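Spelled out, the chains give:
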Amino acid sequence: MLALCSCSAMPLPRAVALAVAARAWSAAELDLHEAALAPGTLAVRRRSAPLFRGCCRPISSGLDLYLDVAPPLLQARLVLFVAEALRAGRAGELHGKSYMPVPSRWVARGKSREMLQYGVFTNANRVSDADVLPLPPLLVEVCDLLESFGIVSGPAQRPDTCAVNVYAEGSWLPPHVDSAKFARPFCTLSLLSSQRVAFGDSICGDDGSWRGAETRTLMPIGSVLRVAGAAAGPRCAHALSSASAPRISFTFRRLAPEARVAIEQSRAERAARSAAKHARLRAEKLERRAAKAAKRAAAKAALSVGSKLG
Ligand SMILES: O=C(O)CCC(=O)C(=O)O
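Because the structure is a prediction, the values reported are computed rather than measured. (Residues numbered from 1 in each chain as written. Predicted model: local features only at pLDDT ≥ 70, side-chain atom pairs only at ≥ 80, totals over all residues.)

Another aspect to go through is the overall build of the protein chain. Scanning the protein chain from N- to C-terminus turns up six helices and 16 strands. Of all 310 residues assigned to the protein chain, the portion counted as buried reaches 34%. Here the analysis covers contacts within the protein chain between residues at least 6 apart in sequence; of these, 75% occur between residues at least 24 apart. (Helix = DSSP H or I, 4+ residues; strand = E, 2+ residues; numbered from the N terminus. Buried ≥ 20, exposed ≤ 12 C-beta atoms within 10 Å, placed from the backbone. Contact = placed C-beta atoms within 7 Å.)

A word on the environment of R270. You can see R270 is positioned in helix 6 (residues 257–309). When the C-alpha positions of R270 and D129 are compared, they lie 9.2 Å apart, and in sequence the two are 141 residues distant.

Another aspect to go through is the site of the ligand. Around the ligand, the neighbouring residues are A163, N165, L173, H176, D178, T188, V197, M219, H238, L240, S249 and T251. Among the elements of the structure, strand 7 (161–167), strand 8 (173–176), strand 15 (237–240) and strand 16 (247–253) are those that each provide at least two residues to the shell around the ligand. When the residues that make up the shell around the ligand are grouped by side-chain class, the tally is five nonpolar, six polar and one charged. (Near = placed C-beta within 6 Å. Nonpolar A, V, L, I, M, F, W, Y, C, P; charged D, E, K, R; others polar.)

A few words now on the nonpolar core. In terms of nonpolar packing, the biggest core is built from 60 residues, with V82, V164, C187 and V224 touching the most fellow members. Residue contacts for C187: discarding those within four places in its chain leaves L146, I151, V152, V224, L225, R226, V227 and F252. (Core = buried A, V, L, I, M, F, W, Y, C linked by C-beta atoms within 7 Å.)

In this model helix 5 (residues 137–148) runs 16 Å from its N-terminal to its C-terminal C-alpha over 12 residues, within 8% of the 16 Å that 1.5 Å per residue would give. Tucked into the core, helix 5 has its buried residues touching strand 4 (114–118), strand 7, strand 9 (186–191), strand 14 (224–227) and strand 16. Downstream of helix 5 by a residue or two, G150 has a phi angle that is positive, lying close to 75°. (Expected span 1.5 Å × (residues − 1).)

What follows concerns helix 6. Helix length check: helix 6, at 53 residues, gives a terminal C-alpha distance of 77 Å against a target of 78 Å (1.5 Å per residue), a fit within 8%. Little of helix 6 sits inside the fold, with zero of its 53 residues counted as buried.

It is worth spelling out the pairing of strand 7 at this point. Counting buried residues in strand 7 gives seven out of seven residues, a clear majority hidden from the surface. Burial along strand 7 is two-sided: T161, A163, N165 and Y167 facing one way and C162, V164 and V166 facing the other are all buried. Pairing geometry for strand 4 and strand 7, over five bridges, is antiparallel. Within strand 7, the position partnered with M115 by the bridge is N165. In this structure, strand 7 lies alongside strand 16, joined through seven bridges in antiparallel fashion. (Pairing = 2+ DSSP bridges.)

This part is about unusual backbone geometry. The omega angle of the peptide bond from R184 to P185 is 0°, so this bond is cis rather than trans. In this structure, P185 sits in the loop between strand 8 and strand 9. Here G233 and P234 are connected by a cis peptide whose omega angle stands at 5°. In this structure, P234 sits in the loop between strand 14 and strand 15. In this structure, A124 is a non-glycine residue whose phi angle is positive, near 50°. Take A124: it is sitting in the loop between strand 5 (121–123) and strand 6 (126–128). Despite not being glycine, L192 shows a phi value in the positive range, around 75°. Take L192: it is sitting in the loop between strand 9 and strand 10 (195–200).

In short, the description is geometric, and any link to function would need to be established separately.
Okay, here's the thing in structure tokens:
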């Protein structure tokens, strides 16, 4: 169970501290999780006990759930960070496409979530070269934590992007496979509430109620789900069940080297095109200004010749 005492080390807004404390992994959730560890569920790892329970069917191979990765104080800092980024994003103050609202056509059904994206922009699992903010220091700190737990190891696995998903109660994600432009593994840290994810190659159902999953797991508060191997696609998809309470998840991924090169190149080309356009517009403006000045000077000269002659 999560210890909450470290919360008192740094003064936090009371409401946030209470929210984090109230959402800490309760005994009931632990039981639920333990109960879920039947054949077909995940291998579960804890920092102090590398593999303590669980077994994997082939489709589950590559899935590992790490418990108690984010301590309460870090959870509180992340929640505050997301609250401020959401405020800025909703007010149109975040750079580029770092903030994405729930598409209006999906709001009524509860499909999708608000997103904050760092390092790269994705839309419906397609990676694009749109401008977003780089990973902020707090999320770099989480990457360090992932390394210290052995969840990712070495430069080839260290995440360079993060998609923050902010789910309202009742929201869900349909079955999907993360873009192949991301290296494997990728991993998701969960905050605020424990919710379910389903994995399988023939998941069906509607609006957050999924059937046909080969593997389901709860993602407890503070846990990290590491996805690699068959579970990461291309056949196996994952889908988020309708959330019983608000949840924030942070999906850390590393762009595959070729994808990173292509995106950097495309961003550089776009920046060069934009710089050339600005230079052309500025030159045209200067030209217009010079032409106006010349016209004024000619009119003045004509006037003074006229007055001398007159
Ligand atoms: O929120 C999660 O746990 C996973 C999110 C996800 O699958 C996605 O954004 O593609």
